[in-house]
Amino acid sequence: MNDRRVLITGGAGFIGSHLVRGFLTLTSAQVLNFDKLTYAGNLESLRDVSDSPRYRFMQCDIGDIGAVNTAFAEFEPDIVVNLAAESHVDRSIAMPDEFIQTNIVGTFTMLEAGRAYWNALPSDRKERFRFLHISTDEVYGSLGSDDPPFHEETPYSPHNPYSASKASADHLVRAWHNTYGFPVLITNCSNNYGPYQYPEKLIPKTIRDALDGQALSIHGDGKQIRDWLFVPDHVTAILRVLKSGVIGRSYLVAGENQYSVLDVVEKICDLLDELKPTTEGSYRQQIKHVVDRPGNDRRYAIDSTRLQTELGWKRSVSFDEGLRRTVEWYLANDDWGRG
Ligand code: NAD
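Quick look at the structure, then. (Residues numbered from 1 in each chain as written. Predicted model: local features only at pLDDT ≥ 70, side-chain atom pairs only at ≥ 80, totals over all residues. Heavy atoms only, no water.)

Let us now look at the overall build of the chain. Looking only at helices and strands, one finds 11 helices and 12 strands in the chain. What you see for the chain is a C-alpha radius of gyration of 20 Å, in line with the 20 Å of a compact globule of 339 residues. Along the first, second and third principal axes, the C-alpha atoms of the chain reach 65 × 45 × 40 Å. The 339 residues of the chain split such that 53% are buried. Intrachain contacts of the chain at a sequence separation of at least 6 include 82% that bridge at least 24 residues. In the structure as shown, the chain presents an accessible area of about 14100 Å², 49% of it carried by carbon and sulfur atoms. Seen as two clouds, the 36 positive and the 46 negative side-chain charges of the chain have centres 4 Å apart. (Helix = DSSP H or I, 4+ residues; strand = E, 2+ residues; numbered from the N terminus. Rg over C-alpha atoms; globule rule 2.2 N^0.38 Å. Buried < 20%, exposed > 50% of the residue type's maximum accessible area, 1.4 Å probe, protein only. Contact = heavy atoms within 4.5 Å. Areas by Shrake-Rupley, 256 points an atom, 1.4 Å probe, with all protein chains shown as cover. Lys, Arg positive; Asp, Glu negative; His and termini not counted. Charge placed at Lys NZ, Arg CZ, Asp CG, Glu CD.)

Structure below.
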């Protein structure tokens, strides 16, 4: 990775900011962060690395073909990692338009600009070029309690506008490989958590709402099972896939930590009881069940054997350890993401 030029879309978002930091601290690659800065993008998340001479930023939309072509022409990437997306399921139910535009049309725009650029590269640079698309386990739909976990060959069965838009994008990415030979890779990961996650997602929202004395709203019975991936482990998986992944393949990235939404909220309450106790008793008293969201999947679980056996990746952090570090980070960075 060291001599590579890496164009990261969505680099001001949650996972993107960790990936930008990962490239700047673990490799000597040059990084272009290409991000529209929607409500979910925050350059403050990159404050510790953004003065690196190997980092630059462009505020642009992945659906803007002119801006995307300029980024390819001026930066001349060897690697593109496409993370830019609308990513919140609740918003996709209320306002699907942006999800179609960014997640599908935006990915199409990146593929077309990338293909034109790649076609014109000299053969040695053409050979090493990679387009990695970051997707989700939600494209596979929902599992029953005894079903085996999703694997790379599981048929797609998305259930909400977010997962349908991500599934559409994955099909486009695969088609660009099958039709044009464009050198793509796809990763489908489970629920990421860690520092710098916008506080609309379960873990940061629960921490913030608990500290602010708000109700901790749980959709339905809270027994929906998710797999939880600590975001720095996701970064090492992405680096591994870029280094050794087989072109045209998908790799599932699992945290191997399956807990229900209710388990997670209770664990956060217990950590806060220890780290920031109040005189009012346990934070668990703030838990409140609300009506379930439509199309809410019951269980996700994914099998990342391919990534582990073929590419030698392993997650490094247990859920209890990762969650503790996350709660400690939000306690120490109470201002982040509030503006
Ligand atoms: P995020 O919402 O935190 O960040 C998205 C970033 O993309 C923001 O910086 C935003 O400004 C940028 N962006 C949005 N629309 C854009 C556009 N049109 N042009 C350019 N930039 C744009 O998302 P995240 O949680 O970091 O997720 C990153 C990727 O990983 C997404 O593709 C998401 O679908 C996927 N993913 C996330 C998770 C998760 O648990 N967070 C799980 C599976 C897959």
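Taken as a whole, this structure holds 24 salt bridges when the rule is applied. We note a salt bridge from Asp3 to Arg4, for which the minimum N-O separation is 2.9 Å. The closest approach of N and O atoms between Arg284 and Asp270, which form a salt bridge, is 2.8 Å. You can see Arg284 sitting in the loop between helix 9 (261-275) and strand 12 (287-290) and its partner Asp270 sitting in helix 9, a full 14 residues away along the chain. Given the relative accessible area of 36%, Arg284 is considered partly exposed. Among the charged side chains, a salt-bridge network with shared partners connects Asp3, Arg4, Glu76, Asp78, Arg125 and Arg128. (Salt bridge = Lys/Arg side-chain N within 4 Å of Asp/Glu carboxyl O.)

Moving on, we come to the packing of helix 7 (residues 202-211) against helix 11 (residues 319-332). At their nearest, the axes of helix 7 and helix 11 sit 10 Å apart, and the two run at 50 degrees to each other. The orientation of helix 7 with respect to helix 11, classified from their angle, is oblique. Judged by the twist between their axes, the crossing of helix 7 over helix 11 is right-handed. Across the interface between the two elements, Ile203, Pro204, Ile207, Arg208 and Leu211 of helix 7 pack against Phe319, Leu323, Thr326, Val327, Tyr330 and Leu331 of helix 11. (Axes fitted to C-alpha atoms, helices over the stretch in contact; angles between N-to-C directions. Parallel < 35°, antiparallel > 145°, perpendicular 65-115°, else oblique. Left-handed = near helix turned anticlockwise from the far one by under 90°.)

Taken together, 28 residues lie around the ligand, and Ile15, Asp35, Ser87, Tyr162 and Lys166 are the ones closest in. Residue Asn192 places a main-chain N or O atom 2.8 Å away from an oxygen atom belonging to the ligand. Relative to its free-state accessible area of 830 Å², the ligand is covered by the protein chains to the extent of 97%. Contributions of two or more residues to the shell around the ligand are made by helix 1 (14-26), strand 5 (130-136), helix 6 (161-180) and strand 7 (191-193). Here the element with the most residues in the shell around the ligand is strand 5; it accounts for three residues. Here the residues of the shell around the ligand are counted per class, giving 13 nonpolar, 11 polar and four charged. (Near = heavy atom within 4 Å. Polar contact = N/O pair within 3.5 Å; in protein donor to acceptor, adjacent residues only side chain to side chain. Nonpolar A, V, L, I, M, F, W, Y, C, P; charged D, E, K, R; others polar.)

Turning our attention to the packing of aromatic side chains. Evaluation of the coordinates by the stated rule reveals 19 aromatic pairs. Ring geometry for Tyr196 against Trp336: centres 5.8 Å apart, planes inclined by 80 degrees, an arrangement best described as edge-to-face. Of this pair, Tyr196 sits in the loop between strand 7 and helix 7 while Trp336 sits in the segment after helix 11, placing them 140 residues apart in sequence. In this pair, the class of Tyr196 matches that of Trp336, namely buried. Feature note: the residues Phe72, Tyr117, Trp118, Phe129, Phe131 and Phe182 constitute an aromatic cluster, connected by ring pairs. It is Arg5 that lies over the ring of Phe75; its NZ or CZ is 4.5 Å from the centre. (Phe/Tyr/Trp six-rings, centres within 6.5 Å; stacked < 30°, edge-to-face > 60°. Lys NZ or Arg CZ within 6 Å of the ring centre and 35° of its normal.)

It is worth spelling out the nonpolar core at this point. Within the largest apolar cluster, 33 residues are counted, with the highest numbers of intra-cluster contacts made by Ile8, Leu19, Phe23, Val81, Leu132 and Leu307. Elements that contribute at least two residues to this core include exactly strand 1 (5-9), helix 1, strand 4 (79-82), strand 5, strand 6 (184-189), helix 8 (231-244), strand 10 (250-253) and helix 10 (305-311). Among the elements that take part in this core, helix 8 stands out by supplying seven residues, more than any other. With sequence-adjacent residues up to four places away left out, Leu19 is seen in contact with Ile8, Val81, Leu83, Val235 and Ile238. Counting 26 residues, the second-largest nonpolar core is a separate cluster that includes Phe34, Cys60, Phe129 and Val173. (Core = buried A, V, L, I, M, F, W, Y, C linked by side-chain atoms within 4.5 Å.)

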